[in-house]
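# Inside the fold
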Amino acid sequence: MAESPAEPPFLRIGPEAPLSPVVLSVPHAGRSYSPALLSASRLARETLETLEDRLVDRLVWRAVAGGARAVVALRPRAEIDLNRDEREIDGAMIAPPPPSRSLMQSPKTRGGLGLVPSRITGAGAIWLERLPGKELARRIAEVHRPYHATLAEMLEQARAQFGIAILLDCHSMPPRRALNGVAEAGVVLGDRHGTSISHDLLLAAAEAARECGFEVAHNEPYAGGYITQRHGRPHQGTHALQIEVDRASYLDPALRAPGPGFDQTARMIAAVSSALAGRALEPPQAIAAE
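Read on for a plain summary of the structure. (Residues numbered from 1 in each chain as written. Predicted model: local features only at pLDDT ≥ 70, side-chain atom pairs only at ≥ 80, totals over all residues. Heavy atoms only, no water.)

So, about the overall build of the protein chain. Of the regular secondary structure elements, the protein chain holds nine helices and 11 strands. Rg of the C-alpha trace for the protein chain: 19 Å, near the compact-globule value of 19 Å for 290 residues, within the 12% margin. On the principal axes, the C-alpha backbone points of the protein chain span a range of 60 × 45 × 35 Å. Each of the 290 residues in the protein chain was classed as buried or not, and the buried ones make up 54%. The long-range share in the protein chain, meaning contacts at least 24 apart out of those at least 6 apart in sequence, stands at 81%. Carbon and sulfur atoms make up 53% of the accessible area of the protein chain, which totals about 12800 Å². Between the centroid of the 32 positive side chains of the protein chain and the centroid of its 33 negative side chains there is a distance of 5 Å. (Helix = DSSP H or I, 4+ residues; strand = E, 2+ residues; numbered from the N terminus. Rg over C-alpha atoms; globule rule 2.2 N^0.38 Å. Buried < 20%, exposed > 50% of the residue type's maximum accessible area, 1.4 Å probe, protein only. Contact = heavy atoms within 4.5 Å. Areas by Shrake-Rupley, 256 points an atom, 1.4 Å probe, with all protein chains shown as cover. Lys, Arg positive; Asp, Glu negative; His and termini not counted. Charge placed at Lys NZ, Arg CZ, Asp CG, Glu CD.)

With 13 residues, helix H7 (residues 199–211) should reach 18 Å at 1.5 Å per residue; the first-to-last C-alpha distance of 18 Å fits that figure. For H7, the full list of buried residues reads Leu201, Leu202, Ala204, Ala205, Ala206, Ala208 and Ala209. Elements that come into contact with the buried residues of H7 comprise strand E8 (165–173), strand E9 (187–190), strand E10 (216–218), strand E11 (238–246) and helix H9 (262–280). Two or three places before Asp200, at the start of H7, stands the capping residue Ser198, its side-chain oxygen 3.2 Å from that residue's backbone nitrogen. Backbone geometry just after H7 places Gly213 at a positive phi near 95 degrees. (Expected span 1.5 Å × (residues − 1). Polar contact = N/O pair within 3.5 Å; in protein donor to acceptor, adjacent residues only side chain to side chain.)

Turning to the sheet that holds E9, a few remarks are in order. With mixed pairing, seven strands are arranged side by side in an open sheet as E1-E3-E2-E8-E11-E9-E10. At either margin of the open sheet sits one strand with a lone partner, and together these are strand E1 (10–13) and E10. With direction set aside, neighbouring strand axes in the sheet form an average angle of 20 degrees. Summarising the sheet, E9 and E10 pair through three bridges and their orientation is parallel. Bridge pairing in E10 places Leu189 opposite His218. Packed onto the sheet, H7 meets E8, E9, E10 and E11 and runs at close to 155 degrees relative to E10. In the packing of H9 onto the sheet, contacts are made with strand E2 (22–26), E8, E9 and E11, and the angle to E8 comes to roughly 160 degrees. (Pairing = 2+ DSSP bridges. Axes fitted to C-alpha atoms, helices over the stretch in contact; angles between N-to-C directions.)

Note on placement: Asp191 falls in the loop between E9 and H7. Since its relative accessible area comes to 3%, Asp191 is described here as buried. On a C-alpha basis, the gap between Asp191 and Gly225 in space is 9.1 Å, while along the polypeptide they are 34 residues apart. The residues contacting Asp191, other than those within four sequence positions of it, are Ser196, Ile197, Leu202, His218, Asn219, Ala223 and Leu241. Within polar-contact distance, the side chain of Asp191 engages the side chain of His218 at 3.1 Å.

As a further point, take the packing of H7 against H9. Their axes nearest at 8 Å, the elements H7 and H9 cross at an angle of 145 degrees. The hand of the H7/H9 crossing is right-handed. On the side of H7, the interface is formed by Asp200, Leu201, Ala204, Ala205, Ala208 and Ala209, while H9 contributes Met268, Ala271, Val272, Ala275, Leu276, Arg279 and Ala280. When grouped by side-chain class, the residues that make up the contact of H7 with H9 number 11 nonpolar, no polar and two charged. (Left-handed = near helix turned anticlockwise from the far one by under 90°. Nonpolar A, V, L, I, M, F, W, Y, C, P; charged D, E, K, R; others polar.)

With that settled, the discussion passes to the side chain of Asp57. If you trace the backbone, Asp57 turns up in helix H3 (residues 56–59). In terms of polar contacts, Asp57 uses its side chain to reach the side chain of Arg31, at 2.9 Å. The contact partners of Asp57, leaving out residues within four places of it in the chain, are Val26, Ala29, Arg31 and Val72.

Our next topic: the side chain of Arg69. Within the element layout of this structure, Arg69 appears in strand E3 (residues 69–73). The buried charged residue Arg69 lacks any salt bridge, with Glu16 as its nearest oppositely charged partner at 5.9 Å. In this structure, Arg69 is in contact with Arg12, Ile13, Gly14, Pro15, Glu16, Ala17, Pro18, Val22, Val23, Leu24, Met154 and Gln157, ignoring residues within four places of it in sequence. (Salt bridge = Lys/Arg side-chain N within 4 Å of Asp/Glu carboxyl O.)

Another aspect to go through is the nonpolar core. Counting residues in each nonpolar core, the largest one holds 42 residues, and the members touching the most others are Leu24, Leu168, Leu189, Ile243, Met268, Val272 and Leu276. Considering each element in turn, this core owes the most residues, nine residues, to H9. Leu276 has contacts with Val22, Ile166, Leu168, Ile197, Leu201 and Ala205, leaving out every residue within four places of it along the chain. Counting 35 residues, the second largest nonpolar core, distinct from the first, contains Val71, Ile89, Met93 and Leu155. (Core = buried A, V, L, I, M, F, W, Y, C linked by side-chain atoms within 4.5 Å.)

Glancing now at the pairing of E3. The element E3 is extensively covered by neighbouring structure, given that five of its five residues are classed as buried. Every second residue of E3 is oriented toward a common face, with Arg69, Val71 and Ala73 on one face and Ala70 and Val72 on the other, all of them buried. Summarising the sheet, E1 and E3 pair through four bridges and their orientation is antiparallel. Of the residues in E3, the one forming a bridge with Ile13 is Ala70. By the bridge criterion, four bridges tie E2 to E3 in an arrangement that is parallel. Bridging across to E3, Leu24 finds its partner in Ala70.

Here it is as structure tokens:
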């Protein structure tokens, strides 16, 4: 499975120099499935695609057109999950198994959704054989670490330019069931329970989403993952917020292609990005000084 596709593992998009303190991350929308990856799977590509945050990469274009910059994964989540610590590995799926002291067990790894997903609910185990340790190391070195290094670099550039930087980590979630006949929030904002972003910035993001017609929840059921935790350092002037959008709000009923709400959702993400930038740079003092 040690095939390296010719294209890069992710793209940097937007202006070369920061025009906004906001950097968007899209880690789970990659669709570049290599032949080697597909041949190693016991599941069809269509099943592997259920791991994706389907088409979220296409939802951020309005935010980028408004001046934000973005890092967009091209490799699929089935190959490596960029929203996991590189130690969140199911050791049983690696050959030879890594030393247990080098692993980080979490609810995600126990559920089959670690750094390299091992199973999909309703479909079972993904891989025909255990993943060679050298191939895992290659994926970490060529995809995971460069992605996070690029995010860190772009955030530092924004902070140097504006005195503050904000990461908006963009995801989608399965359609949410109605509770007592009332639909649950279509947008969930996660701030690691108040640790990854200033409260004022969180409120600005929530208000922008509501003004675009979306109900908003906070940290429930998604409080932010590894990306938010790693890059959110409010006390150092770098903030991070995860946004989860209900797939039913922007995809067709089959959850595969753009639906009637696609542009409205793209406008919402752009509005959230703009609101974060506006609040961050609002006089008389930036959030970084709080």
